[in-house]
Amino acid sequence: METKKEFFLECYKLGIIKFGRFTLKSGIESPFYVDLRPLASDPKILKLLANYLLDMLPLDNFDLICGVPYAALPMATAMSLESYIPLIIKRKEAKQHGTKKMIEGIFTKGQNCLLVEDVITSGASLLETIPEIENEGITVSDIVVVLDRQQGGKEILEHNGFRVHTLFTISEVCKMLKEEGHLTDDEVERINDFLAGNVVRFEEEKRLSYEAKLDICDHSVAQKLLQIAIEKKSNLIVSADVTSTQELLELAEKVGPHIVALKTHIDILMDFDSDETILPLKDLATKYNFLLMEDRKFADIGNTQELQFSYGTYKISQWADLVTAQVIAGYESLDCFRNVGVVAIIGMSSNGTLTDANYREEATKIALSHPNVFGGVSQNKIPNELLLFTPGINLADAGDGKGQQYNTPEHAFTQLETDFIIVGRGIYRSDDAEKSALSYKIAGWNAYEGSL
């Protein structure tokens, strides 16, 4: 097999492409169907395929190889064996036992990974896989694909900044098969017509502006928060993790002009007093037009949460505009939060968090369906119907040594499409809280406008 054509014809004998009438996963009827999994059953073919793919690539650029599950896994394995580049394995879904990891293997943050795919159509599976790899601190810059169906996937990925290397295109394959008498002119014409009519045309999805969010987020607290953001040209929420009333009020006075909300942990105050703490805090919120967000992270059965919310020392229901709550106790546990907005904890920013992809999916379903919930805290994108709050924002530090991981405003708005950034130590521990708040306000607003 000296030529690429001869190699493909050997692959074709394994039945990797069929012509006729096939209904694809998308529901579209296609005149051809591609299934490259039989290649894994022929060791000689698989070895040759690995080398053909490797020959197209600048191998010095890669520290790791990963195949998109499942068809590309044997291909990636063969490439690893031929190149001595370490292999990592991406799971289709996390295990429900053991380590519950999505990425298996030995790797370190900052390494660059070559992604291997068998067939590319719309690029959707790759766009789903890449963030899960990058969530582990691994970079993905290049993708190598055996067959491009030429339906827009390669262009979408390249538009998103990835280099895509393809061994074969469907047009090239059809030409070779026609030359060998395996396809007629009519069959080739039908395939070309199909490709021309079913290209996945990339339409760049812009994040929604605050004005657009006002039209789809109907919770009264969401409306207030968005209106404040537009009026103050700010998306900044300051986390007031201080332990005395004086510190809390002084911080609120300094940052009030620049924020849309002040996030409190009211139970860490050592001198809490309803009259001395809450009344002046509410006055400052009115004076500077910001909301009060109690970050209680309620996480109990509904009856207990109602008591924690409305009774006891803090009587949160009497002064908070919005609260945070876990959804681990289920849908009905959120019924108790009347007359406030609820921000659901969908994903956390700490290293080693247990809020994996499955948890986030189920939590998002509850957040979308419960009338008391208008937003979510997450390190991942969430549906547009919810407002996204992203903590762990810092202009300078990468982490705090206690598991907290930081992101920049640009990352939060461009990659996560957040709506509001939450900043704590970067402001309240700074030498000048007012100046720092203004810096974060400007950085956050510029990042928001740049993402539109």
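Every value quoted in this text rests on a predicted model; they were computed, and no experiment measured them.

Engineer: Before we move on, can you summarise the packing of helix α1 (residues 4-12) against helix α6 (residues 170-179) with the specific residues and values?
Structural biologist: At a closest axis distance of 11 Å, the pairing of α1 and α6 adopts a crossing angle of 85°. Judged on the interaxial angle alone, α6 and α1 are roughly perpendicular. Along its contact with α1, which presents K4, K5, F8, L9 and Y12, the element α6 presents E172, V173, M176, L177 and E179. Taken together, the residues of the contact of α1 with α6 break down into six nonpolar, no polar and four charged.

Engineer: Break down the UniProt feature "active site" (unreviewed entry) in the protein for me, citing the residues and quoting the values.
Structural biologist: Listed under "active site" (unreviewed entry) in the UniProt record, and renumbered for this structure, are D295, K297 and D300. Locating K297 in the fold gives a position in strand β11 (residues 291-298). Every residue in contact with K297, bar those within four places of it in the chain, is listed here: H265, T324, A325, Q326 and I345. Considering the arrangement of structural elements, one finds D300 in the loop between β11 and α12 (302-310).

Engineer: Explain the pattern of salt bridges to me, using residue names and the numbers behind them.
Structural biologist: Applying the stated criterion to the full structure yields 20 salt bridges. One salt bridge in this structure joins K13 and E10, with 3.0 Å as the shortest N-O distance. The exposed category is assigned to K13, whose relative accessible area is 63%. Relative accessible area serves as the criterion here: at 29%, E10 is assigned to the partly exposed category.

Engineer: If you had to explain the packing of α6 against helix α7 (residues 185-197) to someone new, which residues and values would you point to?
Structural biologist: Between α6 and α7, the least distance of the axes is 10 Å, while the angle of their chain directions is 175°. Taken together, α6 and α7 sit at an angle that is classed as roughly antiparallel. Between α6 and α7, the contacting residues are I170, S171, C174 and K178 on the first element and D185, V188, I191 and L195 on the second. Here the residues of the contact of α6 with α7 sort into five nonpolar, one polar and two charged.

Engineer: Help me get a handle on the packing of aromatic side chains, residues and values and all.
Structural biologist: How two aromatic rings sit relative to each other is given by the distance of their centres and the angle of their planes. Following the criterion strictly, the structure yields 16 aromatic pairs and no others. On the basis of an interplanar angle of 55° and a centroid distance of 5.0 Å, the ring pair of W445 and Y448 is categorised as tilted. Here the residue W445 and the residue Y448 both occupy positions in helix α16 (residues 433-451), the gap between them amounting to three residues, near one helical turn. For W445, a relative accessible area of 10% gives the class buried. Linked through ring pairs, Y210, F374, F389, F413, F420, W445 and Y448 together constitute an aromatic cluster. Over the aromatic face of F298 sits the side chain of R296, whose NZ or CZ is 5.3 Å from the ring centroid.

Engineer: Can you tell me about the domain arrangement of the protein, naming the residues and giving the values?
Structural biologist: What the domain assignment reports for the protein is domain 1 (4-196) and domain 2 (210-450). Centre-to-centre, using C-alpha coordinates, domain 1 lies 42 Å away from domain 2.

Engineer: I'd like a description of the side chain of S141, backed by residues and values.
Structural biologist: With respect to the helices and strands, the residue S141 is situated in strand β7 (residues 139-148). Relative accessible area serves as the criterion here: at 14%, S141 is assigned to the buried category. Polar contacts involving the side chain of S141 include one to the side chain of N112, which spans 3.1 Å. Dropping the residues within four chain positions of it, S141 is found in contact with N112, C113, F162 and R163.

Quick notes on the rules
Residues numbered from 1 in each chain as written. Predicted model: local features only at pLDDT ≥ 70, side-chain atom pairs only at ≥ 80, totals over all residues. Heavy atoms only, no water. Axes fitted to C-alpha atoms, helices over the stretch in contact; angles between N-to-C directions. Helix = DSSP H or I, 4+ residues; strand = E, 2+ residues; numbered from the N terminus. Parallel < 35°, antiparallel > 145°, perpendicular 65-115°, else oblique. Contact = heavy atoms within 4.5 Å. Nonpolar A, V, L, I, M, F, W, Y, C, P; charged D, E, K, R; others polar. UniProt positions renumbered as here; feature names shortened; annotations may be inferred. Salt bridge = Lys/Arg side-chain N within 4 Å of Asp/Glu carboxyl O. Buried < 20%, exposed > 50% of the residue type's maximum accessible area, 1.4 Å probe, protein only. Phe/Tyr/Trp six-rings, centres within 6.5 Å; stacked < 30°, edge-to-face > 60°. Lys NZ or Arg CZ within 6 Å of the ring centre and 35° of its normal. Domains from an automatic or database assignment. Polar contact = N/O pair within 3.5 Å; in protein donor to acceptor, adjacent residues only side chain to side chain.

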